[in-house]
Amino acid sequence: MAQPIIAPSVLAADFANLEREVRMVNESDADWIHIDIMDGVFVPNLSFGLPVTSAIKKHASKPLDVHLMIVHPERYLNAFKQAGASTITVHYEACEHLHRTIQEIKALGCQAGVAINPHTHVSLLEDIIQDIDLVCVMAVNPGFGGQKFIERTYEKIQALKTLIDSRNSSALIEIDGGVNLDNAAALRKAGADVLVAGNFVFSAANPKAVITQLKNI
Ligand code: DX5
Ligand code: ZN
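Residues numbered from 1 in each chain as written. Chains lettered and ligands numbered in written order. Predicted model: local features only at pLDDT ≥ 70, side-chain atom pairs only at ≥ 80, totals over all residues. Heavy atoms only, no water.

As a further point, take the coordination of the zinc ion (ligand 2). Under ideal tetrahedral coordination, the four donors around a metal are separated by 109.5 degrees; under ideal octahedral coordination, the six donors are separated by 90 or 180 degrees. Coordination of the zinc ion (ligand 2) by the protein is provided by H34 (NE2), D36 (OD), H67 (ND1) and D176 (OD), with metal-donor distances spanning 2.0 to 2.3 Å. Considering all 6 donor atoms around the zinc ion (ligand 2), angles at the metal cover 68 to 169 degrees and the coordination shape is octahedral. For the zinc ion (ligand 2), the single-chain donor residues occur in sequence as H-x1-D-x30-H-x108-D. Exposure remark for D36: the relative accessible area of 4% places this residue in the buried category. (Donors = N, O, S within 2.8 Å, 3.2 Å for Na, K, Ca; no water. Tetrahedral: all angles 85-135°; square planar, octahedral: opposite > 155°, others 65-115°. Buried < 20%, exposed > 50% of the residue type's maximum accessible area, 1.4 Å probe, protein only.)

Here is the structure:
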C-alpha cells in the first residue's frame, strides 16, 4: 500500500511560535499543512482567519489544506485562495448550493473538498462525488482539537470508498480528528488517503519523528 498523505493541523501548534512550527512541518515528512478555520457559528469555537493563514503561507513550503468550518463559506473562497490555499474544503452541512460552491473553488484553481460531520451519511455525497477532489470525513465533531476518535468512522470510510469506486471518482479520503498511531494503520487499511493530525503531532516531544511514523504506518 502506498504511503498516506500526512497533513499536520496547526490548530494544535504553538501560536506564539508559528514560524518555528511551520518550519518544523517544512522539514518533516508531512505533505500538506492543515488549516482549521472556525467562525463560532458553524462550530462553537473560534480559531483564526485570513491574516494568520497568509502568515503561515509566507513560511510554508508545503500546500495549505484549508478546512472551512464556517457558515456561508462561499463568501470567503477567493480570500482564502489569495491567502495561499491549495485545497479548500467546505462542510456539506454549511452549503445550501454545494455544487455551485464546488465549481467556484475549482474555478479559482484550487482542489475542492467536502467535509462531512459524524452524523452526515456518506450517501448524501452521491450526486457530488464525481465533482470533488477530496472528502474530509470528520472523526470527531468539529470545533476542537484533542477529542476522542469516533469508532464508526471506519465503516464510513469503507462506504465512501465503495461510492468513490462505483462512480469512478478520483476523490481522496481524508480523516480529521483524533488520528494517532493507534488508529492510523486501520484507517489506511479502510481506505483513508490523507491523515490529519493536530495534537498527536504538536504535543509530541519529537513532532517530526511522529510525522515520520504516521507516514510509514
Ligand atoms: C477539528 C479540526 C481538526 C483538529 C484535529 O475541528 O477540524 O483538524 O485540529 O485535531 P486533533 O488531531 O487533535 O483531533
Ligand atoms: Zn480540520
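Now that the structure has been shown, we can carry on.
Here the focus is the packing of aromatic side chains. Using the criterion set out here, one finds 2 aromatic pairs in the structure. The interplanar angle of 85 degrees and the centroid separation of 5.7 Å between the aromatic rings of F15 and F48 together place this pair among those described as edge-to-face. Remark: F48 occurs in the loop between β2 (33–38) and α2 (50–59) and F15 occurs in the loop between β1 (5–8) and α1 (18–27); sequence separation between them is 33 residues. By relative accessible area, which is 11% here, F48 ends up buried. (Phe/Tyr/Trp six-rings, centres within 6.5 Å; stacked < 30°, edge-to-face > 60°. Helix = DSSP H or I, 4+ residues; strand = E, 2+ residues; numbered from the N terminus.)

Another point: the sheet that holds strand β4 (residues 85–91). If you walk across this open sheet you meet the 8 strands as β1-β8-β7-β6-β5-β4-β3-β2, and the pairing is parallel. At either margin of the open sheet sits one strand with a lone partner, and together these are β1 and β2. Going across the sheet, the axis of each strand differs from the next one's by a mean of 25 degrees, ignoring polarity. By the bridge criterion, 5 bridges tie strand β6 (residues 134–138) to strand β7 (residues 172–176) in an arrangement that is parallel. Looking at the pairing, C136 lines up with E174 of β7. The strands touched by helix α8 (residues 207–215) are β1 and β8 (194–197); relative to β1, the strand with the most contacts, the crossing angle is about 150 degrees. (Pairing = 2+ DSSP bridges. Axes fitted to C-alpha atoms, helices over the stretch in contact; angles between N-to-C directions. Contact = heavy atoms within 4.5 Å.)

Take the packing of α1 against α2 next. Direction vectors running N to C along α1 and α2 enclose 50 degrees, while the axes themselves pass 9 Å from each other. Put simply, α1 runs oblique to α2. Crossing hand, α1 versus α2: right-handed. For the pair formed by α1 and α2, the contact residues are L18, E19, V22, R23 and N26 on the first element and V52, I56 and H59 on the second. Of the residues contributing to the contact of α1 with α2, the split by class is 4 nonpolar, 2 polar and 2 charged. (Parallel < 35°, antiparallel > 145°, perpendicular 65-115°, else oblique. Left-handed = near helix turned anticlockwise from the far one by under 90°. Nonpolar A, V, L, I, M, F, W, Y, C, P; charged D, E, K, R; others polar.)

The next thing to look at is helix α4 (residues 98–107). Within α4, the full set of buried residues consists of L98, T101, I102 and I105. Along the axis of α4, the buried positions cluster into a sector of 100 degrees, meaning they face one direction only. Looking at α4, the residues exposed on the side facing more than 90 degrees away from the buried face are R100 and A107. Elements in contact with the buried residues of α4: α3 (77–82), β4 and β5 (111–116). Phi turns positive, to about 90 degrees, at G109, one or two residues after α4. (Arc of directions from axis to C-beta.)

With that settled, the discussion passes to the site of ligand 1. Taken together, 20 residues are adjacent to ligand 1, and D36, G143, G146, D176 and G198 come closest. Its free accessible area being 380 Å², ligand 1 has 98% of it covered by the protein chains. Spatially, ligand 1 is embedded in the largest pocket. Going through the elements one at a time, β2, β3 (64–69) and β8 are the ones with two or more residues in the shell around ligand 1. Considering each element in turn, the shell around ligand 1 owes the most residues, 3 residues, to β2. For the shell around ligand 1, a count of residues per class yields 8 nonpolar, 10 polar and 2 charged. (Near = heavy atom within 4 Å. Areas by Shrake-Rupley, 256 points an atom, 1.4 Å probe, with all protein chains shown as cover. 1 Å grid on protein atoms, 1.4 Å probe; cavity = no way out; pocket = protein on both sides within 12 Å on 5 of 7 lines; lining within 4 Å. Sits in = over half its atoms within 2 Å of the grid points.)

Right, let's talk about the nonpolar core for a bit. Nonpolar side chains in soluble globular proteins tend to be buried together. Judged by nonpolar contacts, the single largest core of 60 residues is most densely connected at I35, L68, I102, L160, I175 and L187. For this core, the element with the highest residue contribution is helix α5 (residues 153–166), accounting for 5 residues. A7, W32, A115 and M138 belong to the second-largest nonpolar core, a separate cluster that totals 10 residues. (Core = buried A, V, L, I, M, F, W, Y, C linked by side-chain atoms within 4.5 Å.)

Quick look at the layout of surface pockets now. Estimates place the volume of the largest pocket at around 300 Å³. Lining the largest pocket are 25 residues; nearest its centre among them are G145, G146, G177, G178 and G198. Broken down by secondary-structure element, the contributors of at least two residues to the lining of the largest pocket are β2, β3, β8 and α7 (199–202). Classifying every residue of the lining of the largest pocket gives 12 nonpolar, 11 polar and 2 charged. (Points joined across faces, edges and corners; volume = space filled by probe spheres on them.)

Everything listed here is a matter of coordinates, which is why it stays silent on function.
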